[in-house]
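Understanding the architecture of this molecule
For reference, the chains in residue letters:
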Amino acid sequence: MTFEKTLILGLIAGSTILLGLPIGRLSKPAPVLRQALNAVAVGILVFLVWDVLSAAWEPTSDALSTPGGADWGPAIGYALLLFAGLAVGLLALVGYERRLPRELTPDRLAMLIATGIGLHNFAEGLAIGQAAATGAIALAVLLVVGFGLHNATEGFGIVAPLAGSGRPTWGRLLLLGAIGGGPTLLGTLIGYRFTSQPVSVVFLALAAGSILYVVIQLIGVAARTRRTDILAVGMVIGLIAGFVTDAIVTAGGV
C-alpha cells in the first residue's frame, strides 16, 4: 500500500473520535444524566487501562514463554520499560496537579483525558502503519475499522466532564479531538517508516498511567454525588462498550 493511502487510513481511524464530542455541548443536562455520563466515561477508561496494559505486557509475556525456555534478558527489559512508563504517566500528572494553584477544572480534566487517549492512539497508529508497510492490507483495513469504532467511544469519554459545565466552543472540541485522535495519524506515519517494539511499549505504558490518573479523578467526582448505583451501572455500560468495539478487531483474528 502506498504511503498516501496509508495516511488516509490513519486519518479515518483517528477522526472518528470527533463523533462523540458534540455531547460536550449539552448546556444543562439533568444531574442524573451528568452523573451517568461521568460513570460511563469511567467504564470506558477502565477498559482502556486494561487493554493498554495487556498490549504493553505482551512482549514480556512472549519472552517468558519462548519454546526453548524463558528469555529473561528481553523479558526484564520490556517489563522495566512498562513499569517506568506507567510510573511516569501516573506520577507526573500527580505532581503536575499538586503544583496547580486551583482545583482541577472540568476543562482541564477533559484535556488530561484527551492527552492520555492520544498516547494510546499513537500506539494504535503504529500498528496500522506497520501492517500497511509490510503489505498486510487486509489487516491494516481491519485495524482501521476496529480502532475507528473504538475511538468513537473515546470521544464520548473525553467530553463527559464538560457536560453541564458551560458549553465549550466548537473550536475547543476540535482541539480536544485533535489531541486525542491526531496521534493516530502521527503513529501511522511513523509506523509506516519505522517501527520499534520498545517504543510502542513505552507509549502504551505512558498512556495507561495517564488514563489511570484520570480514572481516579472521575471516581472522586462520582463519589461526591453519593450515587454509587449510577456509578456502577454506568461503569458496566462503559466496559461493555469497550469490549464490544474491541471484539470487532479480535473477531478478525488480529
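Turning our attention to the packing of aromatic side chains. Tallying each qualifying case throughout the model produces 6 aromatic pairs. With a centroid separation of 5.4 Å and an interplanar angle of 55 degrees, the aromatic rings of Phe3 and Tyr192 are classed as tilted. Placement of the pair is Phe3 in helix H1 (residues 3-15) and Tyr192 in helix H6 (residues 170-193), with a sequence separation of 189 residues. Ring geometry for Trp50 and Phe243: centres 5.3 Å apart, planes at 45 degrees, overall tilted. Of the two residues, Trp50 is situated in helix H2 (residues 31-64) and Phe243 in helix H8 (residues 228-251); the sequence distance between them amounts to 193 residues. Classification of Phe243 as partly exposed rests on a relative accessible area of 41%. Through pairs of rings, three or more aromatic residues link up here, namely Phe47, Trp50 and Phe243. One residue, Arg193, lies across the ring of Phe3, its end atom 4.2 Å from the ring centre.

Here the focus is the confidence of the model for the protein. Looking at the protein, the pLDDT average stands at 81 and 88% of residues meet or exceed 70. Across the protein, H6 holds the top mean pLDDT of 90, while helix H5 (residues 137-159) sits lowest at 72.

A few words now on the nonpolar core. With 32 residues, the main nonpolar core has Leu45, Ile113, Ile158, Leu176, Val214 and Leu218 as its most contacted residues. Every element with two or more residues in this core is listed here: H2, helix H3 (72-98), helix H4 (106-133), H5, H6 and helix H7 (197-225). If one sorts the elements of this core by residue count, H2 sits on top with 9 residues.

Moving on, we get to the pattern of salt bridges. Inspection of the entire model under this criterion finds 2 salt bridges. Residues Asp107 and Arg172 are paired through a salt bridge, measuring 2.5 Å at the closest nitrogen-oxygen approach. Taken as a pair, Asp107 in helix H4 and Arg172 in helix H6 lie far apart in primary sequence, 65 residues in all. We classify Asp107 as partly exposed; its relative accessible area is 29%. The residue Asp229 makes a salt bridge to Arg227 at a minimum N-O spacing of 2.8 Å. Of the residues examined, Arg227 reaches a relative accessible area of 33% and is grouped as partly exposed.

This brings us to a nonpolar patch on the surface. The grouping of Trp57, Leu64, Trp72, Ile76, Leu80 and Phe83 at the surface amounts to a nonpolar patch, some 640 Å² of accessible area in total. Elements with a minimum of two residues in the nonpolar patch: H2 and H3. For the nonpolar patch, the element with the most residues is H3, which contributes 4 residues. Here Leu80 lies in helix H3. Among the residues examined, Leu80 registers a relative accessible area of 53% and is labelled exposed.

Conventions adopted
One numbering rule holds for all chains: residues counted from 1, following each sequence as written. Restriction of local features to residues with pLDDT of at least 70 applies here, the model being predicted, together with a cutoff of 80 or more for giving and counting side-chain atom pairs; totals for whole chains, interfaces and linings are based on all residues. The side-chain figures draw on all heavy atoms in the structure; neither hydrogens nor water molecules are used. Here a pair means two rings of Phe, Tyr or Trp (six-membered ring of Trp) with centres within 6.5 Å. Their orientation is stacked below 30 degrees between planes, edge-to-face above 60, and tilted elsewhere. Here a strand is any run of E in DSSP of at least two residues, a helix any run of H or I of at least four, and the numbering for each starts at the N terminus. Relative accessibility under 20% of the residue-type maximum defines a buried residue, over 50% an exposed one, and the middle range a partly exposed one, all with a 1.4 Å probe and only protein chains included. The rule is short: NZ of Lys or CZ of Arg within 6 Å of the ring centre and within 35 degrees of the ring normal puts a charge over the ring. The predictor attaches a confidence to each residue, called pLDDT, with possible values from 0 through 100. The nonpolar core is taken to be a set of buried Ala, Val, Leu, Ile, Met, Phe, Trp, Tyr and Cys residues, with the residues joined through side-chain atoms within 4.5 Å. By definition here, a salt bridge exists when the distance from a side-chain nitrogen of Lys or Arg to a carboxyl oxygen of Asp or Glu is within 4 Å. The patches reported here contain residues having more than 30% relative accessible area and no salt bridge. Joining distances are 9 Å for like charges and 5 Å for nonpolar side chains (Val, Leu, Ile, Met, Phe, Trp, Tyr). Per-residue accessibility takes into account occlusion by the displayed protein chains alone, with areas from the Shrake-Rupley method and a 1.4 Å probe.

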